[in-house]
Amino acid sequence: LLQQLDKVGRSLATLTLLSNQQRGTLNLLYHTMHQKMKVLAIAVLAAQTLAFSSSGSLSTRSASFVGTRTTVTGPSSALNMIPKSSDKDYASSADFFPFDSSLLSSKSQLRSANNPSDTEVIAKGPNEEAADGSADVRQLLGVKGASETTDIWKIRLQLTKPVTWVPLVWGVMCGAAASGNYHWMWNPFDPNDRDVMLGLEDAAKGFVAMILAGPFLTGYTQTINDWYDREIDAINEPYRPIPSGKISEGEVIFQIWFLLLGGLGIAYGLDVWAGHEFPSVLALSIFGSFISYIYSAPPLKLKQNGWAGNFALGASYISLPWWCGQAVFGTLDKPVYWILPILYSIAGLGIAIVNDFKSIEGDRALGLNSLPVAFGIDGAKYICAGSVTLTQLGVAAYLYSIGEPTYAAILLALILPQIYFQATLLLPDPVANDVKYQASAQPFLVFGILATALCVGHHDFSA
């Protein structure tokens, strides 16, 4: 009974963060009940001790009640089993709460929508494993519905969220295409591009660049983001690796430094391999790592600001990997090589807004100024649609202006389905249709980025 009462106390502490006065009242009530339960437990144990002393053994009924046969020498033994409480003023004590109150800073407190003055914290409970048999795969990819594991290497991989590597790997591929200098092992479209050894070397370079952008620097970004979100995750997602204690703080810090320094080492190695006089890949990697840090870490914490945070996210997923891939295989010596990825990063800002619709209430409660919070759902959905569509139309117009009508037409053909899905999914209800919209529209966006990169790679800018 005492154990059950303790569980109730911990559950209450997890569910609701009260004011000091309410906390004192609840603590006093809790510890009063706790003392009464102790008195009851003493009486029960004393009675069982007397019964055992008179009969020499426990009856079958009493043994089944206790659960295990236990030798008791006297009433004092029973009393010693009960932990003594210290003379503490429970009305002013915060020890009722199972975690340190410093973890629940004002920035990580969810406020009640009905009473903003109350600091209510609503815990979401344990992680629910996916029922479709994909729980183990979800654990390795670092997404919801994952299975539970104690394997430290699986937990380390989960922290890096491999599912988020894919856009960065795609970006590196687009950059390689934009360089116009990537060689195939056997190009079916160009009989002059069938040097197997040169193709193998370029394939190896591309693979290393993808390892840099994905597992190392994206892994670093995701791990450091989880590290600085650990206080909020302790409330909202207590099953995450860091707040659940599945990985120690020291192990997390080691992983952050290992991925960062390992990524920078790989970047410099790519510069040497490509024969760069100036280490452009290393410079891009340092810049991207810095953006990742200030995106997650105070005092700047760009993710708290809708415009800056979403653009930083879009640039990290589109511009930086594009520039990395292009630097490995070519040069970044023309303004267009910088401008086009930045325009697509503005489209990426729109995609990031879609992810904010579902968390608007939590963002508002936490004081995070996401664009749906700042402009409302109706305002943010038009900003989202406009940033995605107008930037791509601008890129298509540019391709047409430089004498590439075919690529411009291809890009326009890829934009039209996105406009359709905006009209039928995003604008009617962005909260309910966020996942469906992204699954329907984003493939056309990413193939449009690749089409643009191929156009840049094949266009003769010297003409």
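Residues numbered from 1 in each chain as written. Predicted model: local features only at pLDDT ≥ 70, side-chain atom pairs only at ≥ 80, totals over all residues. Heavy atoms only, no water.

Peer 1: Mind showing me how you'd approach the environment of tyrosine 344 here?
Peer 2: Take tyrosine 344: it is sitting in helix α13 (residues 335–357). Each C-alpha atom, one on tyrosine 344 and one on glycine 448, is 9.8 Å from the other, the two residues being 104 residues apart in sequence. When residues no more than four places from it in sequence are discounted, the contact partners of tyrosine 344 are Ile318, Trp322, Gln392, Val395, Leu411, Leu445, Gly448, Ile449 and Thr452. (Helix = DSSP H or I, 4+ residues; strand = E, 2+ residues; numbered from the N terminus. Contact = heavy atoms within 4.5 Å.)

Peer 1: I would appreciate a short explanation of the confidence of the model for the protein chain in the present structure.
Peer 2: In low-pLDDT segments, the atomic positions of the prediction should not be examined closely. For the protein chain, the average pLDDT comes to 78, and 69% of its residues sit at 70 or higher. Across residues 14–18, where pLDDT falls below 50, the model places 17 contacts with residues more than four positions away in sequence or in other chains. This model gives residues 47–124 a pLDDT under 50, and the stretch forms 101 contacts once residues within four places in sequence are excluded. (pLDDT = per-residue confidence, 0-100.)

Peer 1: Any chance you could explain the nonpolar core here in plain terms?
Peer 2: For soluble globular proteins, nonpolar side chains are generally found buried alongside one another. Among the nonpolar cores identified, the biggest contains 56 residues, and Leu212, Val252, Val281, Trp322, Tyr344, Leu411 and Ile449 are the most heavily contacted of them. Each residue touching leucine 411, except ones within four places of it in the same chain, is listed here: Tyr344, Gln392, Val395, Ala396, Leu399, Gly448 and Thr452. Formed by 13 residues, the second largest nonpolar core is a distinct cluster that contains Leu349, Ile353, Ala385 and Ala441. (Core = buried A, V, L, I, M, F, W, Y, C linked by side-chain atoms within 4.5 Å. Buried < 20%, exposed > 50% of the residue type's maximum accessible area, 1.4 Å probe, protein only.)

Peer 1: Could you clarify how one ought to interpret the packing of aromatic side chains in this entry?
Peer 2: Think of a pair of aromatic rings as described by two things: how far the centres are apart, and how the planes are tilted against each other in angle. Under the definition given, this model contains ten aromatic pairs. A centroid spacing of 5.2 Å and a plane angle of 80° characterise the contact between tyrosine 182 and phenylalanine 329, whose relative ring orientation is edge-to-face. Of this pair, tyrosine 182 sits in the loop between α7 (165–179) and α8 (196–228) while phenylalanine 329 is found in helix α12 (residues 306–329), placing the two residues 147 residues apart along the sequence. On the basis of relative accessible area, tyrosine 182 is assigned to the partly exposed category, the value being 31%. On the accessibility criterion, phenylalanine 329 (5% relative accessible area) is buried. (Phe/Tyr/Trp six-rings, centres within 6.5 Å; stacked < 30°, edge-to-face > 60°.)

Peer 1: Before we go on, may I ask you to explain helix α16 (residues 405–426) in this structure?
Peer 2: Count 3.6 residues to each turn of an α-helix, and residues three or four apart come out pointing the same way. When the terminal C-alpha atoms of α16 are compared, their 30 Å separation across 22 residues agrees well with the 32 Å that a helix rising 1.5 Å per residue should span. Taken residue by residue, α16 has Ala408, Leu411, Leu414, Ile415, Gln418, Phe421, Gln422, Leu425 and Leu426 as its buried positions. Relative to the axis of α16, the buried residues are bounded by an arc of 140° and lie together on one face. Residues Thr406, Leu416 and Tyr420 are exposed on α16 and point more than 90 degrees away from its buried face. Close packing links the buried residues of α16 with α13, α15 (371–401) and α17 (434–458). (Expected span 1.5 Å × (residues − 1). Arc of directions from axis to C-beta.)

Peer 1: What should I look at first to understand the side chain of lysine 205 in this one?
Peer 2: One can find lysine 205 in helix α8. There is no salt bridge for the buried lysine 205, and the closest opposite charge comes from glutamate 201, which lies 4.1 Å off by N-O distance. If sequence neighbours within four positions are ignored, lysine 205 has contacts with Leu270, Trp273, Ala274, Val328 and Phe329. (Lys, Arg positive; Asp, Glu negative; His and termini not counted. Salt bridge = Lys/Arg side-chain N within 4 Å of Asp/Glu carboxyl O.)

Peer 1: Would you mind going over a nonpolar patch on the surface with me for this structure?
Peer 2: A surface patch of nonpolar side chains, about 530 Å² in accessible area, is lined by Met185, Trp186, Val196, Met197 and Leu200. As for its position among the elements, valine 196 is in helix α8. The exposure class of valine 196 is partly exposed, given its relative accessible area of 43%. (Patch = residues over 30% accessible without salt bridge, like charges linked within 9 Å, V, L, I, M, F, W, Y side chains within 5 Å. Areas by Shrake-Rupley, 256 points an atom, 1.4 Å probe, with all protein chains shown as cover.)

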